[in-house]
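Analysis of the macromolecular model
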Amino acid sequence: QVQLVESGGGLVQVGGSLTLSCAASRISVSGYDMAWYRRTPEKDRELVAGVTIAGTTNYLDSVKGRFTISRDGAQNTVSLQMNTLKPEDTAVYYCEADRRIYPTATYWGQGTQVTVSS
């Protein structure tokens, strides 16, 4: 069964850094558009960062310059390096994989909690 498993979440102080990892099983992250989303009780799930199969990246405006998404084909993982964290970054972060070559498919991880404390 396809699995996306997030790790690296936790509690960090304002201004600190945290790296999230998404480990894929039974799919190759190199063959999918990969993305990180986040959700809070107050907000709908929003796209934080994404990287296409071609390597193009895009970021939520509020995280540009602070977050970096990267793909590691050898480890079959996708990471999100988060720097200069702010309280508003507190959320559950989800890993997503989108296959855009037929047959198309979308997979989601279970999420990992990130809490930024002041």
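This text goes with the structure placed above it.
The notes below deal with the structure included here. These numbers come from a predicted model, not from an experiment.

Regarding the sheet that holds strand β8 (residues 77-82)
- Spatial ordering of the open sheet is given by β1-β3-β8-β7, a layout of four strands whose pairing is antiparallel. The sheet is open, and its two borders are formed by β1 (3-7) and β7 (67-72), each paired with just one other strand. Across the sheet, the mean angle from the axis of one strand to that of its neighbour is 15°, orientation sign disregarded.
- Note: strand β3 (residues 18-25) against β8, six bridges, orientation antiparallel. Looking at β8, one finds that S21 is bridged to S79.

With respect to the side chain of T40
- Here T40 lies in strand β4 (residues 33-40).
- Assessed through its relative accessible area of 15%, T40 is described here as buried.
- A distance of 3.1 Å separates the side chain of T40 from the backbone nitrogen of K43, its partner in a polar contact.

Brief notes about the pattern of salt bridges
- Summed over all chains, the structure comprises six salt bridges.
- Between R100 and D33 there is a salt bridge; the shortest N-O distance is 2.6 Å. Remark: D33 occurs in strand β4 and R100 occurs in the loop between β9 (91-99) and β10 (105-108); sequence separation between them is 67 residues.
- One salt bridge connects D98 with R100, and the closest N-O pair in it is separated by 3.6 Å.
- D98 sits in the buried class, given a relative accessible area of 10%.
- For R100, a relative accessible area of 58% corresponds to the exposed category.
- Through salt bridges with shared partners, a single network forms among R38, E46, R66 and D89.

Topic: the nonpolar core
- In terms of nonpolar packing, the biggest core is built from 27 residues, with M34, W36, F67, L80, M82 and Y93 touching the most fellow members.
- Of all elements in the fold, only β3, β4, β5 (43-51), β7, β8, β9 and β11 (112-117) reach the threshold of two or more residues within this core.
- With residues near it in sequence (within four places) discarded, F67 still touches R38, V48, Y59, L80, Q81, M82, N83, L85, D89 and Y93.

Regarding the side chain of D33
- Owing to a relative accessible area of 14%, D33 belongs among the buried residues under this scheme.
- A distance of 2.8 Å separates the side chain of D33 from the backbone nitrogen of I53, its partner in a polar contact.
- When near neighbours in sequence (up to four residues on either side) are disregarded, D33 contacts V51, T52, I53, E96, A97, D98 and R100.

Notes on the packing of aromatic side chains
- In total, this model carries two aromatic pairs according to the counting rule given.
- In this structure, R45 packs its charged tip against the face of Y94, placed 5.8 Å from the ring centre.
- Residue placement shows R45 over the ring face of W108; its charged tip is 3.8 Å from the ring centre.

Rules used in this analysis
Residues numbered from 1 in each chain as written. Predicted model: local features only at pLDDT ≥ 70, side-chain atom pairs only at ≥ 80, totals over all residues. Heavy atoms only, no water. Pairing = 2+ DSSP bridges. Helix = DSSP H or I, 4+ residues; strand = E, 2+ residues; numbered from the N terminus. Axes fitted to C-alpha atoms, helices over the stretch in contact; angles between N-to-C directions. Buried < 20%, exposed > 50% of the residue type's maximum accessible area, 1.4 Å probe, protein only. Polar contact = N/O pair within 3.5 Å; in protein donor to acceptor, adjacent residues only side chain to side chain. Salt bridge = Lys/Arg side-chain N within 4 Å of Asp/Glu carboxyl O. Core = buried A, V, L, I, M, F, W, Y, C linked by side-chain atoms within 4.5 Å. Contact = heavy atoms within 4.5 Å. Phe/Tyr/Trp six-rings, centres within 6.5 Å; stacked < 30°, edge-to-face > 60°. Lys NZ or Arg CZ within 6 Å of the ring centre and 35° of its normal.

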